Amino acid sequence: MVERLYSVETPCYVVNEKRLIENLEILKDVAIRAGCKILLAQKAFSMFSVYPLIGRYLDGTTASGLFEAKLGYEEMGKETHVFSAAYMEKEFDEITRICDHISFNSFAQWQKYGKKALERGRSCGIRINPQHSTQEHGIYDPCAEGSRLGVTRENFRPELLEGIEGLHFHTLCEQNSDALIDTLVAVEEKFGEFLPRMKWVNFGGGHHITREDYDREALIECILRFKEKYQVEVYLEPGEAIALNAGYLVSSVLDIVHNGIDIALLDASAACHMPDVIEMPYRPPLWQGGEPKEKPHTYRLAGATCLAGDVIGDYSFTQPLSVGDKLIFMDMAIYSMVKNNTFNGMCLPSIAVLQENGELNIIRKFGYEDFKGRLS
C-alpha cells in the first residue's frame, strides 16, 4: 500500500489506518488482560479526525494543558485526564469543567487549586519523581538531576494528602517493560507506604507496547501484581505506541547540489516538519532508502530552509535521484504534526489518511493564511 502514496501532492503526512488499528488492537488486548485503562497521550499524536476510531479501543485521552484537554474532551469524549507542570489561573476553571482526573506537579499547586477541583468532583493526583533514570537522553529524562517534574520523596508532604486519590509518575521514553519494572521497584521503595491510600496510580507514558520486540506479557504480569498488592486502578498513557510505524511524510526533491557529497533539497524540512530529527537527534527510516554507501548512490537529504543544520540524514539509493522524485519517510505520525512549525514561511504538510480499503483521503491542506494567522 505504500506505493499508493506516490500519487499524493507533497509535502503530506499520511496515516495508515490499517497500521493504526493493528496498534489499537494490541493496546486493547493488553488493557483487557491486565485489567488496566489505557489513554492516548495527545502530546505525541493529536490527529483528532481519527479520535472516534481510537475511542473504540482506548479509555480516553490525557493532556498537558487546557488546549489538549479540550481537544480530547470535544473529539473523543471519554475519560479526560490532565497533568501540567504548572497550571494557569485563568484556565483552571475550564480545566475543572472538562477533566475527570487532574494531576498536580507540586503540593503548592495542589494547595492552590485542589479545593476548586474537589468542589467539581474531580479525582486529583500528585506526580511523583522516583529519581530512577532508565535512559540516556537527558532532555527526555524526567528523573534527571534537577528535574522540575514530579515531587521527590524528600519533598513529599504526607500531611497534605487528604483529598488526593492518585499518584502519577512518568519516567520512560520509547522503552520496554523492563524499564517500567525497574522503575516500579523505586516507586515502591520511596512511596510504597502511601500507595494503599490511593484509588489509582498512573504509570505514565513512554511504553513502546506496540513495538515488535516489546515484552507485553511482562507488562501484564507487573500490572496484575501491582493491582493485587495495592488494590488500585492502573492507568497507562502511551503516545507513540498508538501511532507507532503508522504514518509517513511524503516529500519531493526540489533540487540537487554538490559539496563533497550529493545533496538533495526537499519540500520537507527537518526543522519545520520533523523537529525531533534535530532535537533527539535521530535518522528517520526511508522507504527503499539504505544506509550511506549501502546502495550505489548516496545523498544527503535536507530541507530548503535557510537553517544550515536543516539536514534529515544521509541515505543511499539503487538509482540516482532526480528533481521531482518523491521520497517517503516512515514512522512520521508521532511527534510530527504536533511539533511542526512554519519557520521561513514553510508550508505545513497536508494531512491524509490511507484507509483500509486503499483509498487516500486528504483531511486538510494548509496555506499562506495558516502562516499569517500565527503572526501579527
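Residues numbered from 1 in each chain as written. Predicted model: local features only at pLDDT ≥ 70, side-chain atom pairs only at ≥ 80, totals over all residues. Heavy atoms only, no water.

Colleague: Explain the overall build of the protein to me, please; I cannot follow it from the model alone.
Modeller: For the protein, the count of helices and strands is eleven helices and 16 strands. What you see for the protein is a C-alpha radius of gyration of 22 Å, in line with the 21 Å of a compact globule of 376 residues. Each principal axis of the C-alpha distribution contributes one length, and for the protein these read about 65 × 45 × 45 Å. Residues counted as buried form 55% of the 376 residues belonging to the protein. Of the roughly 16,800 Å² of accessible surface on the protein, a fraction of 48% belongs to carbon and sulfur atoms. If you average the places of the 39 positive and of the 54 negative side-chain charges in the protein, the two averages end up 5 Å apart. (Helix = DSSP H or I, 4+ residues; strand = E, 2+ residues; numbered from the N terminus. Rg over C-alpha atoms; globule rule 2.2 N^0.38 Å. Buried < 20%, exposed > 50% of the residue type's maximum accessible area, 1.4 Å probe, protein only. Areas by Shrake-Rupley, 256 points an atom, 1.4 Å probe, with all protein chains shown as cover. Lys, Arg positive; Asp, Glu negative; His and termini not counted. Charge placed at Lys NZ, Arg CZ, Asp CG, Glu CD.)

Colleague: Where do I start with unusual backbone geometry in this structure?
Modeller: Trans peptide bonds make up most of the peptide bonds, and negative phi angles are found at most residues other than glycine. Here the bond from T10 into P11 is cis, since omega is -5 degrees, no more than 30 degrees from zero. For P11, the location among the structural elements is in the segment before strand 1 (12-16). A cis amide bond, omega -10 degrees, links M280 with the succeeding residue P281. In this structure, P281 sits in the loop between helix 10 (276-279) and strand 12 (297-303). You will see that D331, though not glycine, has its phi angle at about 55 degrees, which is positive. Looking at where D331 falls in the secondary structure, it is placed in the loop between strand 14 (326-330) and strand 15 (350-354). Using a relative accessible area of 17% as the deciding quantity, one classes D331 as buried. Even without glycine at this site, N344 takes up a positive phi of about 70 degrees.

Colleague: I would appreciate a short explanation of the pairing of strand 1 in the present structure.
Modeller: Along any regular strand, the residues point their side chains to alternate faces of the sheet. A large share of strand 1 lies buried, amounting to five of its five residues. The side-chain alternation of strand 1 yields two buried faces, one formed by C12, V14 and N16 and the other by Y13 and V15. Across five bridges, the pairing between strand 1 and strand 15 is parallel. Within the sheet, the bridge partner assigned to Y13 lies in strand 15 and is I351. Where strand 1 meets strand 10 (residues 247-258), four bridges bridge the pair, whose relative direction is antiparallel. Across the sheet, V15 pairs through a bridge with G247, a residue of strand 10. (Pairing = 2+ DSSP bridges.)

Colleague: Quick question: what am I supposed to make of the pattern of salt bridges here?
Modeller: When charged atoms on two side chains of opposite charge get close, those side chains can pair. A complete count under the given rule lists 21 salt bridges for this structure. Salt-bridge contacts for K116 lead to D93; the nearest nitrogen and oxygen are separated by 3.2 Å. You can see K116 sitting in helix 5 (residues 107-119) and its partner D93 sitting in helix 4 (residues 89-98), a full 23 residues away along the chain. The partly exposed category is assigned to K116, whose relative accessible area is 35%. The class for D93 is partly exposed, based on a relative accessible area of 42%. Through salt bridges with shared partners, a single ionic network connects K18, R19 and E22. (Salt bridge = Lys/Arg side-chain N within 4 Å of Asp/Glu carboxyl O.)

Colleague: I keep staring at the side chain of H101 and nothing clicks. Help me out?
Modeller: Turning to its location among the elements, H101 is positioned in strand 5 (residues 101-104). In this structure the side chain of H101 is engaged in a polar contact, spanning 3.4 Å, whose partner is the side chain of H81. When residues no more than four places from it in sequence are discounted, the contact partners of H101 are E79, T80, H81, V82, S123, W200 and Y235. (Polar contact = N/O pair within 3.5 Å; in protein donor to acceptor, adjacent residues only side chain to side chain. Contact = heavy atoms within 4.5 Å.)

Colleague: Just checking my understanding: could you explain helix 6 (residues 177-191) for this structure?
Modeller: Counted at 1.5 Å a residue, the expected span for helix 6 with its 15 residues is 21 Å, and the 20 Å between its end C-alpha atoms agrees. Every buried residue belonging to helix 6 is among S177, A179, L180, T183, L184, A186, V187, E188 and F191, and all of these are buried. The inward-facing, buried residues of helix 6 abut strand 7 (164-168) and helix 7 (216-230). (Expected span 1.5 Å × (residues − 1).)

Colleague: Any chance you could explain a negative patch on the surface here in plain terms?
Modeller: Taken together, D178, D182, D215 and E221 make up a surface patch of like negative charges. By the element assignment, D178 lies in helix 6. Since its relative accessible area comes to 47%, D178 is described here as partly exposed. (Patch = residues over 30% accessible without salt bridge, like charges linked within 9 Å, V, L, I, M, F, W, Y side chains within 5 Å.)

Colleague: Looking at this structure, I do not really get the sheet that holds strand 9 (residues 233-236). What am I missing?
Modeller: Strands pair in a sheet through their backbones, by hydrogen bonds, and they do so in one of two ways: parallel or antiparallel. Around the barrel, eight strands lie side by side as 2-3-4-5-6-7-8-9; this closed barrel has parallel pairing. On average, each strand axis in the sheet is inclined to that of its neighbour by 25 degrees, with strand direction left out of account. Note: strand 3 (residues 60-63) against strand 4 (residues 79-84), four bridges, orientation parallel. When the bridges of strand 4 are listed, G60 appears paired with E79. (Axes fitted to C-alpha atoms, helices over the stretch in contact; angles between N-to-C directions.)

Colleague: Hey, could you run me through the packing of aromatic side chains in this one?
Modeller: Two measures describe an aromatic ring pair: the distance that separates the ring centres and the angle between the ring planes. According to the stated counting rule, one finds 16 aromatic pairs in the structure shown. Measuring from ring centre to ring centre gives 6.2 Å for Y315 and F329, while their planes differ by 75 degrees; the resulting arrangement is edge-to-face. Residue Y315 is found in strand 13 (residues 311-317), and its partner F329 is found in strand 14; the two are separated by 14 residues along the sequence. Of the two residues examined, Y315 and F329, each falls in the buried class. Joined through ring pairs, the aromatic side chains of Y87, F92, F104, W110 and Y113 make up one cluster. One cation-aromatic arrangement involves R127 over F83; the distance from NZ or CZ to the ring centre is 4.8 Å. Sitting over the ring of Y315, R283 keeps its end group 3.9 Å from the ring centre. (Phe/Tyr/Trp six-rings, centres within 6.5 Å; stacked < 30°, edge-to-face > 60°. Lys NZ or Arg CZ within 6 Å of the ring centre and 35° of its normal.)

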